[in-house]
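Coordinate analysis (summary)
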Amino acid sequence: MTISASDRYGLPTALDDEVILGLVQLTRQTRFVAPRVAFSKYELINLLGWRQEGKSYRRIDESLKRWLGVTLYYEKAWWDKQAECWIDAGFHLIEQISLARQHASRRASDKRPEPAQSSFTWNDVVFGSFQAGYIKQLD
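Cut-offs used in this document
- Note on numbering: residues in each chain are counted from 1, in written sequence order.
- Residues qualify for local features only when their pLDDT is at least 70, as the model is predicted, and side-chain atom pairs are given and counted only at 80 or more; totals for whole chains, interfaces and linings, by contrast, use all residues.
- Working from all heavy atoms in the structure, the side-chain values ignore hydrogens and water.
- Aromatic pairs are defined between Phe, Tyr and Trp rings, using the six-membered ring for Trp, whenever the two ring centres lie within 6.5 Å; interplanar angles under 30 degrees are classed as stacked, those over 60 as edge-to-face, and all others as tilted.
- Each helix corresponds to a stretch of at least 4 residues labelled H or I by DSSP, and each strand to a stretch of at least 2 residues labelled E; elements are numbered beginning at the N terminus.
- In this scheme, a residue with accessible area under 20% of its type's maximum is buried, one over 50% is exposed, and one in between is partly exposed, where area comes from a 1.4 Å probe on protein chains only.
- The criterion is that NZ of a Lys, or CZ of an Arg, lies within 6 Å of the ring centre and within 35 degrees of the ring normal, and then a charge sits over that ring.
- We place a 1 Å grid over just the protein atoms. Points where a 1.4 Å probe fits but has no way out form a cavity, open points with protein on both sides within 12 Å along at least 5 of 7 lines form a pocket, and any residue with an atom within 4 Å of a point lines it.
- Grid points are joined across faces, edges and corners, and a volume is the space filled by probe spheres set on the points.
- In this classification, Asp, Glu, Lys and Arg are treated as charged, Ala, Val, Leu, Ile, Met, Phe, Trp, Tyr, Cys and Pro as nonpolar, and every other residue, Gly included, as polar.
- Two strands form a pair only when DSSP identifies at least two bridges running between them.
- The convention used is that axes are lines fitted to C-alpha atoms, helices contributing only their stretch in contact, and that angles between N-to-C directions extend from 0 to 180 degrees.

Here's the deal with the packing of aromatic side chains
Tallying each qualifying case throughout the model produces eight aromatic pairs. On the numbers, 5.6 Å between centres and 55° between planes, the contact of phenylalanine 32 with phenylalanine 130 is tilted. Of this pair, phenylalanine 32 sits in the loop between helix 1 (14–29) and strand 2 (36–40) while phenylalanine 130 sits in helix 4 (residues 124–131), placing them 98 residues apart in sequence. With a relative accessible area of 14%, phenylalanine 32 lands in the buried category. When the centroid spacing of 5.2 Å and the interplanar angle of 65° are considered together, the rings of tryptophan 79 and tryptophan 86 count as edge-to-face. You can call tryptophan 86 exposed: its relative accessible area is 53%. An aromatic cluster of at least three residues, connected via ring pairs, comprises Phe32, Phe39, Phe120, Trp122 and Phe130. Sitting above the plane of the tryptophan 50 ring, arginine 59 keeps its charged end 5.8 Å from the centroid.

Have a look at this one:
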């Protein structure tokens, strides 16, 4: 497997690994019904156990941009369940991101802050793998 990254954002870091696991957990909470997952950065930061501070929000943005720029190239290393063989494949983990610029919006009904929604979309190959059950259980 070869991992390629964008010139601007570079390769994923250890913190980025935490973020991708957080995204998998957010997707699991939706029961893997759709590749596009809406979330609030506030919710993801809580899930990761990070502090609710500007630095954490910037880390989320930078990490998602890094993951968006990563391409994985598999040479005879990706299992195609339908063909029941190892194949060459190349894809991104994440196909699209939409990052909310504000931390909170107001609901008209009760005037309480509500976290702004961001979203990400898994690549079809990756999401299909999740739906097929090719995902390890983590504590």
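Text resumes after the structure shown.
Considerations on the layout of surface pockets
The space that makes up the largest pocket amounts to roughly 630 Å³. For the lining of the largest pocket, the leading source of residues is helix 1, giving six residues. Here the residues of the lining of the largest pocket are counted per class, giving 20 nonpolar, three polar and two charged. Volume-wise, the second largest pocket comes out at about 290 Å³. In terms of lining residues, the second largest pocket is bounded by 13 residues, among which Trp78, Trp79, Asp80, Lys81 and Tyr134 are the most central. Listed by contribution, the elements that provide at least two residues to the lining of the second largest pocket are strand 3 (71–80), strand 4 (85–91) and helix 4. A total of four residues in the lining of the second largest pocket trace back to one element, the largest contributor, which is strand 3. Taken together, the residues of the lining of the second largest pocket sort by class into eight nonpolar, three polar and two charged.

Details of the sheet that holds strand 8 (residues 117–122)
Pairing is antiparallel in the open sheet, where three strands are placed in the order 2-8-5. Each edge of the open sheet is held by one strand with a lone partner, namely strand 2 and strand 5 (94–98). Between one strand axis and the next, the sheet turns by 20° as a mean value, whatever way the strands run. Direction of pairing for strand 5 relative to strand 8: antiparallel, over a ladder of four bridges. Each residue of the ladder has a partner; that of isoleucine 97, found in strand 8, is phenylalanine 120.

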